[in-house]
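# Structural overview
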Amino acid sequence: MSPTPATAAVRVRRAELSDLDDLVALEEATFDSDRMSRAQYRRHLDSDTARVLVASANRRRFLGTAVVLFRKGSSVARLYSIASKPEARGKGVGSALIEGAEAAARQHRCRSLRLEVRTENHSAIRLYERLGYHRIGHHEHYYQDGSHAWRYEKLLDAASA
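Scope of this entry: the structure provided in the associated data block. (Residues numbered from 1 in each chain as written. Predicted model: local features only at pLDDT ≥ 70, side-chain atom pairs only at ≥ 80, totals over all residues. Heavy atoms only, no water.)

This part is about the overall build of the chain. In terms of helices and strands, the chain carries 4 helices and 7 strands. Going residue by residue from the N terminus, the α and β elements of the chain occur as β-α-α-β-β-β-α-β-α-β-β. Taking 2.2 N^0.38 as the reference for a compact globule, 161 residues should give roughly 15 Å; the C-alpha atoms of the chain span a radius of gyration of 15 Å, in line with that estimate. By its C-alpha atoms, the chain is 40 × 40 × 30 Å across when sized along the principal axes. Across the 161 residues of the chain, 45% fall into the buried class. A separation of at least 24 residues holds for 59% of the contacts in the chain among residues at least 6 apart in sequence. By element, 48% of the accessible surface of the chain is carried by carbon and sulfur atoms, the whole surface being about 8,900 Å². The averaged location of the 20 negative side-chain charges in the chain is 5 Å from the averaged location of its 27 positive side-chain charges. (Helix = DSSP H or I, 4+ residues; strand = E, 2+ residues; numbered from the N terminus. Rg over C-alpha atoms; globule rule 2.2 N^0.38 Å. Buried < 20%, exposed > 50% of the residue type's maximum accessible area, 1.4 Å probe, protein only. Contact = heavy atoms within 4.5 Å. Areas by Shrake-Rupley, 256 points an atom, 1.4 Å probe, with all protein chains shown as cover. Lys, Arg positive; Asp, Glu negative; His and termini not counted. Charge placed at Lys NZ, Arg CZ, Asp CG, Glu CD.)

Ranked by internal contacts, the top residues of the largest apolar core, which has 30 residues, are Leu79, Leu113, Tyr128 and Tyr133. No other element matches helix α3 (residues 93-107), which puts 7 residues into this core. In contact with Leu79, not counting residues within four places along its chain, are Ala66, Val67, Val68, Ile98, Ala101, Leu113, Arg114, Leu115 and Tyr128. Residues Leu20, Met36, Ala50 and Leu69 belong to the second largest nonpolar core, which totals 15 residues. (Core = buried A, V, L, I, M, F, W, Y, C linked by side-chain atoms within 4.5 Å.)

A word on the packing of helix α1 (residues 20-30) against helix α2 (residues 38-45). Close contact between α1 and α2 brings their axes to 10 Å; oriented N to C, the two are set at 130 degrees. Overall, the two elements α1 and α2 adopt an arrangement that is oblique. Our pair here, α1 against α2, has a crossing hand that is right-handed. For the pair formed by α1 and α2, the contact residues are Leu20, Asp21, Leu23, Val24 and Glu27 on the first element and Arg38, Tyr41, Arg42 and Leu45 on the second. Residue composition of the contact of α1 with α2, grouped by class: 5 nonpolar, no polar and 4 charged. (Axes fitted to C-alpha atoms, helices over the stretch in contact; angles between N-to-C directions. Parallel < 35°, antiparallel > 145°, perpendicular 65-115°, else oblique. Left-handed = near helix turned anticlockwise from the far one by under 90°. Nonpolar A, V, L, I, M, F, W, Y, C, P; charged D, E, K, R; others polar.)

This part takes up the sheet that holds strand β2 (residues 50-56). Ordered by their spatial adjacency, 7 strands build an open sheet running β1-β2-β3-β4-β5-β7-β6, and the pairing between neighbours is mixed. This sheet does not close on itself; its edge strands, each paired only once, are β1 (11-14) and β6 (134-139). Strand after strand, the sheet turns through a mean of 25 degrees between neighbouring axes, direction not considered. Pairing of strand β5 (residues 112-118) with strand β7 (residues 149-155), which is carried by 7 bridges, proceeds in the antiparallel orientation. Counterpart to Arg118 in the pairing with β7 is Ala149. (Pairing = 2+ DSSP bridges.)

This is how it looks when you write it as structure tokens:
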């Protein structure tokens, strides 16, 4: 398996069972609704249809996470969740996690990566657009709290797999 891309000093790796407490703590600190449970994270860690990634500045410093989902027989991967600690925002963690998600999608022979983002999350929208994602749709009342979502997609270059 090729090394996962990193941005600046940020390293992205596949999450391990020992990361479970940090994953759940970040989920609870980041999201008011639409949270993944400990059991969901645990299932994703062992799943062939999911990849849980962790960003860190060194082996012990947990900065963020991303979850990518794959459907058997589909060439489309889905960035299901992405989160970083508040003190890590604006430091390349999100970019590194997205690059890692794209690499995981390529390893699964996916040709595109899709995601949903709250319409009012302007910083995330700027990041996705800067990284080459294009708006492809809209979901009304997508989130548990009734917020709307934009749908984005990026076509992945198979040559860089």
